[in-house]
Amino acid sequence: FTRGSLRELDDTDAFLDDLRNRAAGVSGVEQVELTPIRRITVGGVVSLVGSLVLVGYVFSLAADWDQIWDAFTTADLSYVPPILVLALVPYLSGALSMMGAVPIDLRYFRTTAVMFGQSYLNRFTPANSGGMAMRVRYLQLEGLDGAVSATAIGLTSAASGVAQGAMILLFLFWGGASDRLSDFEMPDVGGIVIAILAIGAVATAVLLASSWGREQAIPWVTQVVGRIGTTTAGLATDPSKMSQLFGGAILGKFANIGAFWLSMLAFGVDISFPKAGAMYIIATTIGSAVPTPGGVGGVEAALTAALIAYGVDNATAAAIVLFFRTLTFWLP
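A quick note: this is a predicted structure, and the numbers were derived from the prediction, not measured. Each chain has its residues counted from 1, following the order in which its sequence is written. Where totals are concerned, whole chains, interfaces and linings use all residues; where local detail is concerned, this predicted model gives features only for residues with pLDDT of at least 70, and gives and counts side-chain atom pairs only at 80 or more. Side-chain descriptors were evaluated using all non-hydrogen atoms of the structure, hydrogens and water having been removed beforehand.

Let's talk about the overall build of the chain
Next up, step 1: Under the DSSP-based scheme used, a helix requires at least four consecutive residues in state H or I and a strand at least two consecutive residues in state E, with every element numbered from the N terminus. The helix and strand inventory of the chain stands at 14 helices and zero strands.
Next up, step 2: Ordering the α and β elements of the chain from the N terminus gives α-α-α-α-α-α-α-α-α-α-α-α-α-α.
Next up, step 3: Taking all 332 residues of the chain together, 34% fall into the buried category.
Next up, step 4: Approximately 18,700 Å² of the chain is accessible, and the part contributed by carbon and sulfur atoms is 67%. For every residue, the accessible area (1.4 Å probe, protein chains only) is compared with the maximum for its type, and the residue is labelled buried under 20%, exposed over 50%, or partly exposed between those bounds. Using a 1.4 Å probe, accessible areas were evaluated by the Shrake-Rupley method; residue-level cover was limited to the displayed protein chains.

Encoded structure:
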């Protein structure tokens with residue numbers, strides 16, 4: 001009851017400070033300045049791990065920089081123009097996906113410009129928070145209320161997640177059927193899935209056991225899921241919207257895979273497209289879990305590890321990833 005009453009106050013900290021000072025005055029105790037508390041949070045731990053991954057990747061580049069640069073200079077620059085074209089596709093397809101997530105008609109070129117803007121913000125804000133905020137504001141300026149705008153952004157993220165899962169299955173089967181992936185090994189997917197499920201189960205149990213989870217988090221999640229369900233049900237009756245939503249998400253991922261494949265060919269690494277797709281989609285799924293802006297560090301480390309696992313030497317693998325990320329991530 002007391003905690004619930006405190007949450008209803010406009011300024012809880014000021015109220016507690018005043019209460020503490022009055023209690024000290026009544027009891028004759030000298031007022032003391034409280035020591036600031038720095039709590040260990042899940043977000044802080046995850047950010048620390050992400051920072052360590054980034055620092056480790058930077059140090060690994062610095063240690064072998066001479067060899068990496070020598071490998072980098074061997075790139076066939078004739079592959080640069082098609083890679084640059086493919087680097088633009090995710091922005092164009094992202095605009096399509098966003099247009100498919102809202103019940104109104106958005107202007108395509110303006111939405112594409114917003115995709116460039118939000119991508120720029122995501123280079124400096126973790127978990128794509130800056131880009132999400134920009135897209136929500138854009139939809140509000142186009143006439144949608146805040147709840148519908150936030151739901152639309154959540155829907156595009158959900159569509160991207162569905163596309164990512166579908167691409168993993170597609171390229172694992174495609175690569176297995178056409179190339180057997182015999183000389184390429186990634187971490188045990190079954191073990192990864194089990195670990196993710198175990199972490200999710202523990203997090204859910206902790207959430208349900210806490211008063212904050214029951215009173216704040218669960219109602220909020222239920223409300224958001226309900227909004228997404230309502231919006232999806234409305235959009236599902238419009239085939240053109242659904243094709244934009246999911247088609248845009250899938251097209252952007254194919255473009256990134258194509259750019260990664262061409263980057264390998266530029267360094268003379270002969271590999272089939274389905275195998276390149278399997279490497280890219282699994283590596284980026286793992287690497288994007290690092291909570292740095294744009295997955296910087298985690299994605300590079302995962303892609304480099306995937307190439308090394310395929311049999312590419314360390315310097316060439318790092319050069320390929322540096323070449324690919326420079327053209328598709330930093331240059332736009």
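Overview of a nonpolar patch on the surface
Next up, step 1: A grouping of Leu-170, Trp-174, Ile-250 and Phe-254 is seen on the molecular surface, where their side chains present a nonpolar patch of about 310 Å² in accessible area.
Next up, step 2: At the level of elements, α8 (146–178) and α11 (239–266) are the ones that each hand at least two residues to the nonpolar patch.
Next up, step 3: Within the secondary structure layout, Ile-250 lies in helix α11.
Next up, step 4: Under the relative-accessibility criterion, Ile-250 is labelled partly exposed at 33%. What makes a patch is a set of residues exposed beyond 30% relative accessible area and free of salt bridges, joined within 9 Å when like-charged and within 5 Å when nonpolar (Val, Leu, Ile, Met, Phe, Trp, Tyr). Any Lys or Arg side-chain nitrogen found within 4 Å of a carboxyl oxygen on Asp or Glu counts as a salt bridge.

Let's talk about the packing of aromatic side chains
Next up, step 1: Here a Phe, Tyr or Trp ring, Trp counted by its six-membered ring, pairs with any other such ring whose centre lies within 6.5 Å, and the pair is stacked when the planes are under 30 degrees apart, edge-to-face when over 60, and tilted otherwise. Counted by the stated rule, this structure contains 13 aromatic pairs.
Next up, step 2: Relative to Phe-116, the ring of Tyr-91 has its centre 4.2 Å away and its plane inclined at 5 degrees; by these criteria the two rings are stacked. One end of the pair, Tyr-91, is in helix α5 (residues 80–100); the other, Phe-116, is in helix α6 (residues 108–122), with 25 residues separating them in the sequence.
Next up, step 3: On the basis of relative accessible area, Phe-116 is assigned to the partly exposed category, the value being 32%.
Next up, step 4: Relative to Phe-324, the ring of Tyr-280 lies with its centre 5.9 Å away and its plane at 85 degrees, an arrangement referred to as edge-to-face.

With respect to helix α14 (residues 314–330)
Next up, step 1: Taking 1.5 Å per residue as the helical rise, α14 with its 17 residues ought to reach 24 Å, and the 22 Å between its terminal C-alpha atoms agrees with that figure.
Next up, step 2: Where burial is concerned, most of α14 is hidden: 13 out of the 17 residues are buried. Helix span, as expected, comes to 1.5 Å for every residue beyond the first.

What to know about the nonpolar core
Next up, step 1: Formed by 40 residues in total, the largest nonpolar core has its most connected members in Phe-260, Met-264, Phe-267, Leu-303, Leu-307 and Phe-323.
Next up, step 2: Those elements that place two or more of their residues in this core are α4 (65–72), α5, α8, α11, α12 (273–287), α13 (298–310) and α14.
Next up, step 3: At nine residues, the largest contribution of residues to this core is made by α14.
Next up, step 4: Pairs of residues are marked as contacts when any of their non-hydrogen atoms sit within 4.5 Å. What Leu-303 contacts, discounting residues up to four positions off in sequence, is Phe-260, Tyr-280, Ala-283, Thr-284, Val-321 and Phe-324. Definition of nonpolar core: a set of buried residues of the types Ala, Val, Leu, Ile, Met, Phe, Trp, Tyr and Cys, connected through side-chain atoms within 4.5 Å.

Things to note about the confidence of the model for the chain
Detailed reading of predicted coordinates is not advised where the pLDDT is low.
Next up, step 1: For every residue, the pLDDT score states the predictor's confidence, bounded by 0 at the bottom and 100 at the top. For the chain, the mean per-residue pLDDT works out to 78, and 73% of the residues sit at or above 70.
Next up, step 2: When pLDDT is averaged over each element of the chain, α5 comes out on top at 93 and helix α9 (residues 189–209) at the bottom at 59.
Next up, step 3: Within the model, pLDDT remains below 50 along residues 177–190, and this stretch shows 23 contacts once partners closer than five positions in the same chain are excluded.

Thoughts on the side chain of Thr-112
Next up, step 1: Along the chain, Thr-112 turns up in helix α6.
Next up, step 2: Filtering out sequence-adjacent residues up to four positions away, Thr-112 remains in contact with Tyr-91, Leu-92 and Ala-95.

Quick look at the pattern of salt bridges
Next up, step 1: Under the definition given, this model contains six salt bridges.
Next up, step 2: Between Glu-142 and Arg-107 there is a salt bridge, and its shortest N-O distance comes to 3.2 Å. A residue pair is termed long-range when its members are at least 10 positions apart, and Glu-142 in the loop between α7 (129–141) and α8 and Arg-107 in the loop between α5 and α6 qualify at 35 residues.
Next up, step 3: The exposure class assigned to Arg-107 is partly exposed, which follows from its relative accessible area of 46%.
Next up, step 4: A salt bridge links Glu-142 to Arg-110, with the shortest nitrogen-to-oxygen separation between them at 3.8 Å. Remark: Arg-110 occurs in helix α6 and Glu-142 occurs in the loop between α7 and α8; sequence separation between them is 32 residues.
Next up, step 5: Linked by salt bridges that have partners in common, Arg-107, Arg-110 and Glu-142 make up one network.

What to know about α6
Next up, step 1: The end-to-end C-alpha distance of α6 is 21 Å, a good match for the 21 Å that 15 residues give at a rise of 1.5 Å each.
Next up, step 2: Within the sequence span of α6, burial applies to Thr-111, Thr-112, Val-114, Met-115, Gln-118, Ser-119 and Asn-122. Down the axis, α6 shows its buried residues gathered within 155 degrees of arc, on one side only. Along α6, exposed side chains directed more than 90 degrees from the buried face belong to Phe-109 and Tyr-120.
Next up, step 3: Of the surrounding elements, those touching the buried residues of α6 are α5 and α7. Note: the arc covers the axis-to-C-beta directions of the helix.

Examining the environment of Ala-75
Next up, step 1: Position of Ala-75 relative to the elements: it lies in the loop between α4 and α5.
Next up, step 2: What makes Ala-75 buried here is its relative accessible area of 11%.
Next up, step 3: Along the chain, Ala-75 and Phe-267 lie 192 residues apart, while their C-alpha atoms are 5.0 Å from each other.

Details of the packing of α11 against α14
Next up, step 1: An axis is simply a line fitted to the C-alpha atoms; with a helix, the fit covers only the stretch in contact. Between two such axes, the angle follows the N-to-C directions and lies from 0 to 180 degrees. It is at 9 Å that the axes of α11 and α14 come closest, and there the two elements cross at 135 degrees. Classified by the angle between their axes, α11 and α14 sit oblique to one another. Judged by the twist between their axes, the crossing of α11 over α14 is right-handed. When α11 is examined against α14, the residues Asn-256, Ala-259, Phe-260, Ser-263, Met-264 and Ala-266 are found in contact with a partner set consisting of Ile-320, Phe-323, Phe-324 and Thr-328.
Next up, step 2: Residues were grouped as follows: Ala, Val, Leu, Ile, Met, Phe, Trp, Tyr, Cys and Pro as nonpolar; Asp, Glu, Lys and Arg as charged; and all remaining residues, including Gly, as polar. Counted by class, the contact of α11 with α14 contains seven nonpolar, three polar and no charged residues. Relative orientations are named as follows: roughly parallel for angles under 35 degrees, roughly antiparallel for angles over 145 degrees, roughly perpendicular for angles from 65 to 115 degrees, and oblique for any other angle. Helix crossings fall into two classes, left-handed where the near helix is turned counterclockwise from the far one by less than a right angle and right-handed where it is turned clockwise.

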